[in-house]
Amino acid sequence: MDWSSYYPVLVATDATKPTPKEGPNADTRYSANWAPLMTKQVEVADIGCGYGGLLFALSPRLPDQLILGLEIRTSVTEFVQEKVKALRSQHASTGDFQNVSCIRANTMKFLPNFFSKSQLSKIFLCFPDPQFKARKHKARIVSTSLNSEYAFVMRPGGKVYTITDVEDLHYWMVEHFDAHRSFERVSEDELEADECVEVMKSETEEGKKVERNRGPKHVAVFRRLEDPPWP
Amino acid sequence: MQHPYHCLVPITAQGDGAKSLLLLACGSNLILASTMNGSIISMWTSDPGVLLATEPGSGGGDEDGRRKKRQRIGTKSGASPRIVKLAVSPHGQHAVAVTDDKCLRVFDIKNDVLTEVSQRTMPKRPCAVKILPDNATILSADKFGDVYSLPLLPSEPDSSHAASGEDPFPETQKAAFKPSATNLTVHTKRNRKALEAQLKQKSFTAKKEALKYATREVDGRERSYIITADRDEHIRVSRGLPHTHVIEGYCLGHSEYVSKLCLVPGTDLLVSGGGDDWLGVWNWTTFALRHKLQLPRGAIASYAASTSAVASERTVDDAKDTLAINVSGLWTVPYMDSSGNHEIAVAVGCERTPLLFLVRSSSLQSSEADSLLFTKLELPAPPLDVVCSENSVIISIDNRQSESERLKAYKISEDDVGLGYQLRIEPDAAWNTRLKCLNDAEQEQHCDDESVDELLYSVATLRKRRAWSSKQGEYGDEDPTNDLTEAGDDIAE
Ligand SMILES: C[S@@+](CC[C@H](N)C(=O)[O-])C[C@H]1O[C@@H](n2cnc3c(N)ncnc32)[C@H](O)[C@@H]1O
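Rules behind the numbers
Residues numbered from 1 in each chain as written. Chains lettered and ligands numbered in written order. Predicted model: local features only at pLDDT ≥ 70, side-chain atom pairs only at ≥ 80, totals over all residues. Heavy atoms only, no water. Helix = DSSP H or I, 4+ residues; strand = E, 2+ residues; numbered from the N terminus. Buried < 20%, exposed > 50% of the residue type's maximum accessible area, 1.4 Å probe, protein only. Contact = heavy atoms within 4.5 Å. Areas by Shrake-Rupley, 256 points an atom, 1.4 Å probe, with all protein chains shown as cover. Arc of directions from axis to C-beta. Polar contact = N/O pair within 3.5 Å; in protein donor to acceptor, adjacent residues only side chain to side chain. Near = heavy atom within 4 Å. UniProt positions renumbered as here; feature names shortened; annotations may be inferred. Domains from an automatic or database assignment. Buried area = accessible area lost by both parts, 1.4 Å probe.

Caption draft 1: Broad picture of the overall build of chain B. Helix and strand counts for chain B come out as 12 helices and 28 strands. The proportion of buried residues among the 493 residues of chain B is 59%. Partitioning the contacts of chain B with sequence separation of at least 6, the portion at a separation of at least 24 is 53%. Accessible surface, chain B: about 20200 Å² in total, of which carbon and sulfur atoms supply 50%.

Caption draft 2: Summary view of helix H10 (residues 449-456) of chain B. Residues and elements named next belong to chain B. If you check which residues of H10 are buried, you get Ser-451, Val-452, Leu-455 and Leu-456. An end-on view of H10 places all buried positions within 135 degrees of arc, on one side of the element. Every exposed residue of H10 that faces more than 90 degrees away from the buried side is listed here: Glu-450 and Glu-454. In this structure, the buried side of H10 is in contact with strand E5 (83-88) and strand E25 (383-389).

Caption draft 3: Main features of the side chain of B:Arg82. All names here are of chain B. Note on placement: Arg-82 falls in the loop between helix H1 (62-73) and E5. A distance of 2.8 Å separates the side chain of Arg-82 from the backbone oxygen of Ser-451, its partner in a polar contact. Excluding residues that lie within four positions of it along the chain, Arg-82 makes contacts with Gly-27, Ser-28, Val-98, Thr-99, Asp-100, Ser-451, Val-452 and Leu-455.

Caption draft 4: Molecular detail of the site of the ligand. Surrounding the ligand, one finds 17 residues, the nearest of these being A:Gly48, A:Glu71, A:Arg73, A:Asn106 and A:Cys126. Mapping the residues adjacent to the ligand onto the chains of the assembly identifies chains A and B. At a separation of 2.8 Å, an oxygen atom of the ligand approaches a polar side-chain atom of A:Arg73. The separation between a nitrogen atom of the ligand and a polar main-chain atom of A:Ala105 is 3.3 Å.

Caption draft 5: Fine view of the UniProt feature "binding site: S-adenosyl-L-methionine" (unreviewed entry) in chain A. Residue and element names in this part refer to chain A. Mapped onto the present numbering, the UniProt feature "binding site: S-adenosyl-L-methionine" (unreviewed entry) falls at Gly-48, Glu-71, Ile-72, Asn-106, Thr-107, Cys-126, Thr-204, Glu-205 and Glu-206. When its relative accessible area of 37% is taken as the criterion, Gly-48 is described as partly exposed. Excluding residues within four positions of it along the chain, Gly-48 makes contact with Leu-70 and Glu-71. Among the structural elements, Glu-205 can be located in helix H8 (residues 205-212). Given the relative accessible area of 31%, Glu-205 is considered partly exposed. Aside from chain neighbours lying at most four places away, what touches Glu-205 is Tyr-51, Gly-52 and Gly-53. A distance of 3.1 Å separates a polar atom in the side chain of Glu-205 from the backbone nitrogen of Gly-53.

Caption draft 6: Region of interest: the domain arrangement of chain B. Residues and elements named next belong to chain B. Domain assignment breaks chain B into domain 1 (1-52 + 69-121) and domain 2 (262-444 + 472-493). Taken together, the contact between domain 1 and domain 2 spans 26 residues of the former and 24 residues of the latter. For the pairing of domain 1 and domain 2, the buried interface totals around 2000 Å² over both sides, and the portion due to carbon and sulfur atoms is 58%. When the buried surface of domain 1 facing domain 2 is broken down by residue, Gln-2, Tyr-5 and Leu-8 rank first, second and third, together holding 34% of it. In this structure, the connection of domain 1 to domain 2 is made through 8 residue pairs in polar contact (both at pLDDT 80 or more).

Caption draft 7: The arrangement of unusual backbone geometry in detail. Residues and elements named next belong to chain B. The omega torsion of the bond from Leu-241 to Pro-242 falls at 5 degrees, within 30 degrees of zero and hence cis. Tracing the backbone through its elements, the reader meets Pro-242 in the loop between strand E15 (235-239) and strand E16 (247-251). Unlike most non-glycine residues, Lys-102 shows phi in positive territory, near 70 degrees. Structurally, Lys-102 is set in the loop between strand E6 (94-99) and strand E7 (103-108). A relative accessible area of 17% places Lys-102 in the buried class. Even without being a glycine, Asp-112 presents a positive backbone phi close to 60 degrees.

Shown next, in the form of structure tokens:
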């Protein structure tokens, strides 16, 4: 992946060591396939980020980490990208919001194209589309197989944050992460000490909407466990 | 009409039960043949209306019940279920056939007789099946993306779970399906059977088209892996049982679907093919793409143009920018080098193309121009499957449009007259004589060309309707359910 246009100030100044542009296997014999080296890698992913409320709230709170929103709708992605641009130029003097960006992606299919093994420390799944009909459940962004993919791109100790106002979906997500051997549920006590939980509740667009309608907010957080030793 | 043989599997067992047989699928018939003289030893059909004289020992009280079941299940069209995939256990005592009624059928072939011993309806039709080296576990993968492991020989209901106090695979379908398929939503007996089946199976998932089981030694201990490929261009390497939930890595680089995978024995190389016009040569232990082996477009194009039945799948776009290559088969075949050593070549077939290309496994990573590396074998009709017996290569072809035999045997050797990378391919007279019996056998099947086409040529349908995403070189498409909705029947309906 070429991240240079997403996080321009983080392009390594010593860019003599380029990295492959498309995945780890691009044919680097051709310079067109080189991407500039970055000083940092994305560590926090907001999957289905919508209009990006969470991204902009996290940016000052996690100043040393690169945060990326992934969104499937082109127009919404463009909106977020424009907003990133605007915020960056407004804050040019302080250099704020350089650590946040948004990319258009169908994460149900292409997550491993964006992140390598153990790259992420946090994944946010905030108010995912509920896909109410049973027939549509396979389109939910939490499933046994997708959880294996989330586990792949996450480092042990990293956390998946989920929040929804749909009770059925909450139980669905809890059930699937609980059943997955790469994850364990994080305790209530730990949630209280984690500021990301509060931010996720109050700063997402959906979170605000639910607030206005006095709807419920179901939160569940899961920790990526170490892989078992080989038998 | 003679129905082509569309799946071939060799059965070889050493030691006590030494044998050398060939298992062939021909529409809804399964045939066991001897490699000694090519005679048909046993036959089975999914067609309940056909009584098989060649099926001794399959009688017994159970038969009636089974037959009724078959009738009940049937396929929508009323035709009898057809075999879509075959696998044989390493010790050669059992075979598994997937039929297009979503059934996994296990056969006992111990006494050289095809006896169907079980029939399990899967939630989705399996598209790849394998019996693991333990001779006791089936891995089955469906197009929707689920990979199941299930016992070859089902034990009494639930006893397996009770026996092993702890569920070794907590990642079961229990969770995945509970909300959508409760007892309330499952109406038909068939659905309930499928549901019960999935509740018992342990699974992991990978969106997949091809499935390989690989092992390698690390620090003196053997590790097993499951390698799957899918229509989203990914080749995924996961751990084998029991830690199938752990993904070890992805071989990324294809830009079209991947339909076939082939492990090169004695190396860490994996060859992949599908909708791209090149084969991927990977080191599957490091996930690194070692070489993109360009397929001979020119040769394929000239044949594709002359084939009457060129894919109905082709979109306007495809037609415009010339041909779309769909790799429909990758096989390893033996050949003899000029000093008499046994070597391995990879054989490549493309859908609806009457050619087979061979490339030596030793030149898979060669820096030589790719076009020089392939030896082209012209066939009377498109190849469907390839199987090796001793040092001969048997190719089944779609003979419906030609006068040719359905099965043809060849011997491959190194060309000692200095044709560089080329291989010499000669008809194998001895084997061709042996194949006469199978080639002449008239197998009663009521089927029309169109339905046979559908059975034989499914790979091209994986090609996606590429929207703007390829244009922009981005990963994604607007509708996350795009591939999911067409992937098969729903369990809850
Ligand atoms: C209900 S919105 C929630 C937006 C945001 N997370 C919030 O809490 O305000 C769900 C978002 O997920 C996006 N989405 C759905 N499926 C997706 C997929 N497969 N990949 C990426 N984004 C997806 C939708 O386009 C939509 O913007």
